[in-house]
Structure formats: C-alpha cells, structure tokens
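Residue-level structural notes
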Amino acid sequence: MFDARKLLDQFLGSQIPGVGGTVRDRAEQAVQYGRDNPLKTGALAAVLLGTKTGRDVAGNALTIGGLAAIAGLGYQAYRNYRDGATPQPQTAPVDPQQIEILPPPADSGFSTEPSVMRNDFVLVLVRAMIAAAKADGHIDDEERGRIMDKVRISGLDAEAEAFLEKELAAPTDLDALVAAAQTDEQKVELYTASRLAIEPDTRAERGYLDLLAGRLGLPDTLVDHIEATVSGVKV
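These numbers were taken from a predicted model, which means no experiment stands behind them. (Residues numbered from 1 in each chain as written. Predicted model: local features only at pLDDT ≥ 70, side-chain atom pairs only at ≥ 80, totals over all residues. Heavy atoms only, no water.)

Overview of the environment of Ala 128
- Within the fold, Ala 128 resides in helix H6 (residues 119-133).
- Residue Ala 128 is classed as buried on the basis of its relative accessible area, which comes to 1%.
- Between the C-alpha atoms of Ala 128 and Leu 174, which are 46 residues apart in sequence, the distance is 8.8 Å. (Helix = DSSP H or I, 4+ residues; strand = E, 2+ residues; numbered from the N terminus. Buried < 20%, exposed > 50% of the residue type's maximum accessible area, 1.4 Å probe, protein only.)

What to know about the nonpolar core
- Ranked by size, the top nonpolar core spans 57 residues in total, and within it Leu 190 and Tyr 191 carry the most contacts.
- A per-element tally of this core places H6 first, with 11 residues.
- Apart from residues no more than four positions distant in its own chain, Leu 190 is found in contact with Val 124, Leu 125, Ala 128, Leu 177, Ala 181, Leu 212 and Leu 216. (Core = buried A, V, L, I, M, F, W, Y, C linked by side-chain atoms within 4.5 Å. Contact = heavy atoms within 4.5 Å.)

A closer look at helix H11 (residues 203-216)
- Taking 1.5 Å per residue, 14 residues should reach 20 Å; H11 reaches 20 Å between its end C-alpha atoms and fits that length.
- The elements touched by buried residues of H11 are H6, helix H9 (174-180), helix H10 (184-197) and helix H12 (220-231). (Expected span 1.5 Å × (residues − 1).)

Things to note about the environment of Pro 103
- Tracing the sequence through the fold places Pro 103 in the loop between helix H5 (66-82) and H6.
- C-alpha of Pro 103 to C-alpha of Leu 73: the two residues are 30 residues apart in sequence and 8.0 Å apart in space.
- Apart from residues no more than four positions distant in its own chain, Pro 103 is found in contact with Ala 68 and Gly 72.

Quick word on the pattern of salt bridges
- Across all of its chains, the model carries 11 salt bridges by this definition.
- A salt bridge links Asp 83 to Arg 82, with the shortest nitrogen-to-oxygen separation between them at 3.4 Å. Each of the two residues, Asp 83 as well as Arg 82, counts as exposed.
- Here Arg 195 makes a salt bridge to Glu 199, at a shortest N to O gap of 3.3 Å. (Salt bridge = Lys/Arg side-chain N within 4 Å of Asp/Glu carboxyl O.)

Focus: the packing of helix H1 (residues 4-11) against H6
- Running from N to C, H1 and H6 cross one another at 30 degrees; their axes reach a closest spacing of 8 Å. As the angle between them shows, H1 and H6 are arranged roughly parallel. Crossing angle aside, the handedness with which H1 passes H6 is left-handed. Residues Ala 4, Arg 5, Leu 7, Leu 8 and Phe 11 of H1 touch H6, and the partners they reach there are Asn 119, Val 122, Leu 123, Leu 125, Val 126, Met 129 and Ile 130.
- Across the contact of H1 with H6, the residue classes break down as 10 nonpolar, one polar and one charged. (Axes fitted to C-alpha atoms, helices over the stretch in contact; angles between N-to-C directions. Parallel < 35°, antiparallel > 145°, perpendicular 65-115°, else oblique. Left-handed = near helix turned anticlockwise from the far one by under 90°. Nonpolar A, V, L, I, M, F, W, Y, C, P; charged D, E, K, R; others polar.)

Just distances and angles here, no functional claims.
In structure tokens:
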C-alpha cells in the first residue's frame, strides 16, 4: 500500500509550473521543478479542479503537511463549536503567509499519530476530496484523461496513480465514505477535507456538501464553524 499521507500532502500543495500547458512539451520542466522544490509539487487538487481552484490553502499548510492541516482545522472548528462560540468568518491577513494552521493536540481525537490516524482513514480523506471535486460533474472521460496525463508527471508512484485513476472513473460511494467515519472527530475531518477541496459555487457542489453533512450527522452550527475556519485559510 502506498503512503496515503504523502498523497494527501500533494493535494494541498502549490501548482506545478506547466500543468496548464501541453504535458509533452513541459514534462521535463515540471519534473525538474518537483525535484528542486519537493514541498511545492502538490498540484493534484488544482489538477482535479482545473480552472475552478480559485483559492489555495495559505500559510504553513505545506510545511506541516496536508493531514495536519485538515486535522488542525477540524480541531479548531470542533473546539469552537464545543465551547459554544459563534461562528465568525475569519478575515485573512494582507500577507497570506502570515496564516498559521496549528496541528491538533497529540492527546486529542484529531491526533495525526498513526495509532489514531491510520493510513486507511487517510486514504478515505483523499477519496472524500476526489468525491467533492467530482460533485459538479465536470470530470468526464475526456477531462479524466487530461487529469491523468498531468498526474503522471507529478512524481507519484504507479500504485498511487492507479488508485487515482480508479477513483476518478468510479461513481462516488457516499455510503462507504460516511461509514468510514466512525468517531465525531473523523466525521469532522471528512467534511473538512471535502470543503478544503472545493469552493462550493455551484448548486451541485453546495448540495453535495449539505448532503454529506447531513449523512454524517453534523449539527448545522458545527458545519458553520467548519465553513468559517476553512474559509479563513483559503486565499
């Protein structure tokens, strides 16, 4: 089994130069860039969403890792909800790099330690992000082919590539995603990962997130806290 944490890191990174152009012409440039800048090669979310990405996760998401970013944002939203705070949209600073996402406490249910956050659930978070990216139906057969062309220059191993190709082609299994989230913390992380993947600016995307929240049994106020927390780090 490939390292799902590494794959999740690549979902939340910066776009590789060249992914918007002809793959054959720019493959060498992108591969070399990836070798020279290992923390900046995570273009997968951008590739999945194409021109719809709009916003990237700001601040230190790359340096703490994608899993820690998801868990940290989920923890912050859950803590605010638990403490009875009123959801408040966060205003991003002038310099997005000033945004700091704090990893969750090691003794919380949001811990990223392998004993708490197993590789199989990290893979579920990746599946959730792919499902969210597919929610508006823009990934058809032709688009899927273009995506896989770009994925093949992103440095993933063959097993991870095969996983992505299979997930992109398969219909979303919402029942399986929901069933995989066994704890309150996992439910929050699943929704947080899905929300991080997209900007819900279509009815289909907003409807998908609402359906996911309902199936997970997340209270409306908690969903509002997740929305406020995630919105504050996307620029």
